[in-house]
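Each chain, letter by letter, is given below.
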Amino acid sequence: MTQVPADSRPFRISDADRAVLDAVTLSGPDLVARAIAWSEMNSGSTNLPGLAAVADRLTEVLRSFDCEPETLSLPDEVRIDARGEAIDSPQGQCLRLRLRPEAPVQVALTGHYDTVFPADSPFQTVRQLANGRLNGPGIADMKGGISVMLGALAAFERHPLASRLGFQVLLSPDEETGSMGSAALLAELGRNCLIGLTYEPAFSDGSLVSARKGSGNYHIAITGRAAHAGRDFASGRNALVAAARIATDLADLNGVREGVTINVGRIDGGGALNAVPDHAVLRLDVRVPDRAGTSWIDEQVRRVSKAQEGDGISVHVHGGVHRPAKPFFKAQQDLFGHVRELGSLLGQPIDWRPSGGVCEGNNLLAQGLPGIDTLGVRGGDIHSDREFAWPESFVERAKLSALILCKLAAGEIDAQALRARLAIEQGDGAGPTG
């Protein structure tokens, strides 16, 4: 008689699984309350004291596991200032927890505790709206997600098969600025684990993100020659005009290559109106669907920039694509299918759709790690003062993650097989299917 592979049998919720899910339910009020408390502590990516304060609170929770968390310093980030000069900028610290590294199934769980709201932002508190939603900075993206993650792990620890699953948690302070400092730690996780779970917010209806574009930032520094606009205009070389020409030429490339977008986000430069500006910095956000798109946009940025050089104008291009695209490979689709089945058992309809947004899931898949990166709360309007999360989704999503962990520990979701299939797809150059 032919044996049916474990991960093709219909899932069921065992008594042991039910005990884990019941523990999540009991923890529900605490999951919400602590996310609110964390969200009311400003931790914008450049607010180092605020990041440190939130990290202390997170460390308190991490210490409840049977392992001492690590605090990992990140290298300074190199930023390009308004005059086009590179400056070193200190970063916050990553928190890492590694439990049972000897277990046969290793799961990477990642999240970020920085937000896009600076220390002086007027958006600092959480309130409940008339429709029941929670509105606050980071409540969805992603302090709510971190609370869900840690709640699911705490409940899972009571499962009799917990010893078969080890987990590595990485909480970073720089995701909103591109994960430049934490990229090496994410890559290490991606190489060493079998499955990745990341806690960006799901869509408001509970849908997950499937494919993601890659992203990058360019900072194009232009140097000209200063001059008095009245007495010596002809001797000046206007860096701001050169930046504007580069900007319009690049913006005109939108629509030329499918899936590639170029957003002119900012131009720094200029000063007194009677002076020819000698410095300007053009800043771009680019999105790419694949490796070929990455190569193409880099060539175009450098070609267009170089065309403005000469006659007293010099141009230097900084940056590039730092998060690779995340295609929806067949191995990924299989994993999503398993999660849909588990969601059905919990009364949670699960669907998915692609997104132009990026996150740590891009970094993990680039290392061959299959995973799902929108296991956080249901929410929306992120990166604005309308950001919200549905409070009931904290328990819902913690239950979903806890059940995923149960099935990984039991071997009902075959993490090793999923990783092996993804390696084949990535290695033979196969594109995503479906």
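Residues numbered from 1 in each chain as written. Predicted model: local features only at pLDDT ≥ 70, side-chain atom pairs only at ≥ 80, totals over all residues. Heavy atoms only, no water.

Side note on the overall build of the protein
Note the following rule: Strands are runs of DSSP state E lasting at least 2 residues, helices are runs of H or I lasting at least 4, and numbering of each runs from the N terminus. With C-alpha atoms as the basis for the radius of gyration, the globule rule is written as 2.2 Å multiplied by the number of residues raised to the power 0.38. Each residue is assigned to one of three classes by its accessible area relative to the maximum for its type, calculated with a 1.4 Å probe on protein chains only: buried under 20%, partly exposed between the two thresholds, exposed over 50%. Two residues qualify as a contact provided that any one of their heavy atoms is within 4.5 Å of a heavy atom in the partner residue. Per-residue accessibility takes into account occlusion by the displayed protein chains alone, with areas from the Shrake-Rupley method and a 1.4 Å probe. Counted as positive: Lys and Arg. Counted as negative: Asp and Glu. His and the chain ends are not counted at all. Note that the charge is assigned to NZ on lysines, CZ on arginines, CG on aspartates and CD on glutamates.
When its secondary structure is counted, the protein shows 10 helices and 20 strands. The C-alpha atoms of the protein give a radius of gyration of 24 Å, which matches the 22 Å a tight globule of 434 residues would have. Counting only C-alpha atoms and orienting by the principal axes, one finds that the protein spans roughly 90 × 50 × 40 Å. Expressed as a percentage of the 434 residues in the protein, the buried residues total 52%. Taking the intrachain contacts of the protein between residues at least 6 apart in sequence as the baseline, contacts between residues at least 24 apart amount to 80%. A total of about 18,200 Å² of accessible surface is found on the protein, and carbon and sulfur atoms cover 51% of it. Considering the protein, the positive charge centre built from 43 side chains and the negative charge centre built from 53 side chains are found 2 Å apart.

Here we look at empty space enclosed by the protein
This is how the line gets drawn: Put plainly, a pocket is an open set of points on a 1 Å grid over the protein atoms alone with protein on both sides within 12 Å along at least five of seven lines, a cavity is a set where a 1.4 Å probe fits but cannot get out, and a lining residue has an atom within 4 Å of a point. Grid points are joined across faces, edges and corners, and a volume is the space filled by probe spheres set on the points. Any residue that is not Ala, Val, Leu, Ile, Met, Phe, Trp, Tyr, Cys, Pro, Asp, Glu, Lys or Arg is counted as polar, Gly included; the first ten are nonpolar and the last four charged.
Per the stated rule, a full pass over the model turns up 2 cavities of 30 Å³ or more. Here the largest cavity is characterised by a volume of approximately 60 Å³. For the largest cavity, the lining is made up of 13 residues, of which Gly196, Gly361, Leu364, Gly371 and Ile372 are closest to its centre. Of all the secondary-structure elements, those providing two or more residues to the lining of the largest cavity are β9 (195-198), α8 (360-366) and β18 (371-372). Looking at the lining of the largest cavity residue by residue, the classes come out as 6 nonpolar, 5 polar and 2 charged. Considered as a void within the structure, the second largest cavity measures approximately 30 Å³ in volume. As for the second largest cavity, its lining consists of Arg96, Gln168, Leu170, Leu185, Glu188 and Leu189. Broken down by secondary-structure element, the contributors of at least two residues to the lining of the second largest cavity are β8 (165-172) and α4 (183-192). Residue contributions to the lining of the second largest cavity peak at 3 residues, all from α4.

Some thoughts on unusual backbone geometry
Here the bond from aspartate 141 into methionine 142 is cis, since omega is -10 degrees, no more than 30 degrees from zero. Following the sequence through the fold, methionine 142 ends up in the loop between β7 (134-135) and α3 (143-156). With a phi close to 60 degrees, serine 179 is a non-glycine residue in the positive phi region. Relative to the elements of secondary structure, serine 179 occurs in the loop between β8 and α4. For serine 179, a relative accessible area of 0% puts it in the buried group. Backbone geometry places aspartate 381, a non-glycine residue, at a positive phi of 55 degrees. In this structure, aspartate 381 sits in the loop between β19 (379-380) and β20 (388-389). Judged by relative accessible area, aspartate 381 falls into the partly exposed class, the value being 36%.

Re the sheet that holds strand β5 (residues 105-112)
The line we're drawing: By definition, two strands form a pair when at least two bridges between them are found by DSSP. To get an axis, fit a line to the C-alpha atoms, keeping to the stretch in contact for a helix; angles then go from 0 to 180 degrees between the N-to-C directions.
Within the open sheet, the 6 strands sit side by side as β1-β4-β8-β5-β9-β18. Their pairing is mixed. Two strands close off the open sheet at either side, each with one partner strand: β1 (70-73) and β18. Where helix α2 (residues 48-62) meets the sheet, its contacts fall on β4 (93-99) and β8, and the angle it forms with β4 comes to roughly 5 degrees.

Section: the packing of α3 against helix α9 (residues 393-409)
Formally: Reported orientations rely on four angle classes, namely roughly parallel under 35 degrees, roughly antiparallel over 145, roughly perpendicular from 65 to 115, and oblique for the rest. Crossing handedness: left-handed means the near helix sits turned counterclockwise from the far one by under a right angle, and right-handed means the same turn made clockwise.
Between α3 and α9, the least distance of the axes is 8 Å, while the angle of their chain directions is 45 degrees. Accordingly, the angle class assigned to the pair α3 and α9 is oblique. Here the hand of the crossing between α3 and α9 comes out right-handed. Counting all contacts with α3, which are made through Gly144, Val148, Ala152, Leu153 and Phe156, the residues of α9 involved are Phe394, Arg397, Ala398, Ser401, Ala402, Leu405, Cys406 and Ala409.

Some words on helix α7 (residues 330-345)
Residues three or four positions apart in an α-helix share a direction because the helix packs 3.6 residues into each turn. Short version of the rule: A helix's residues, less one, multiplied by 1.5 Å, set its expected span.
Taking 1.5 Å of rise per residue, 16 residues should cover 22 Å, and α7 covers 23 Å from first to last C-alpha, within 8% of that figure. Two residues or fewer past α7, glycine 347 is found with a positive phi of approximately 75 degrees.

Considerations on the environment of alanine 227
Structurally, alanine 227 can be placed in strand β12 (residues 227-228). A C-alpha to C-alpha distance of 42 Å links alanine 227 and glycine 357, two positions 130 residues apart in sequence. Setting aside its immediate chain neighbours within four residues, alanine 227 contacts Asp232, Ser235, Gly236, Asn274, Ala275 and Val276.

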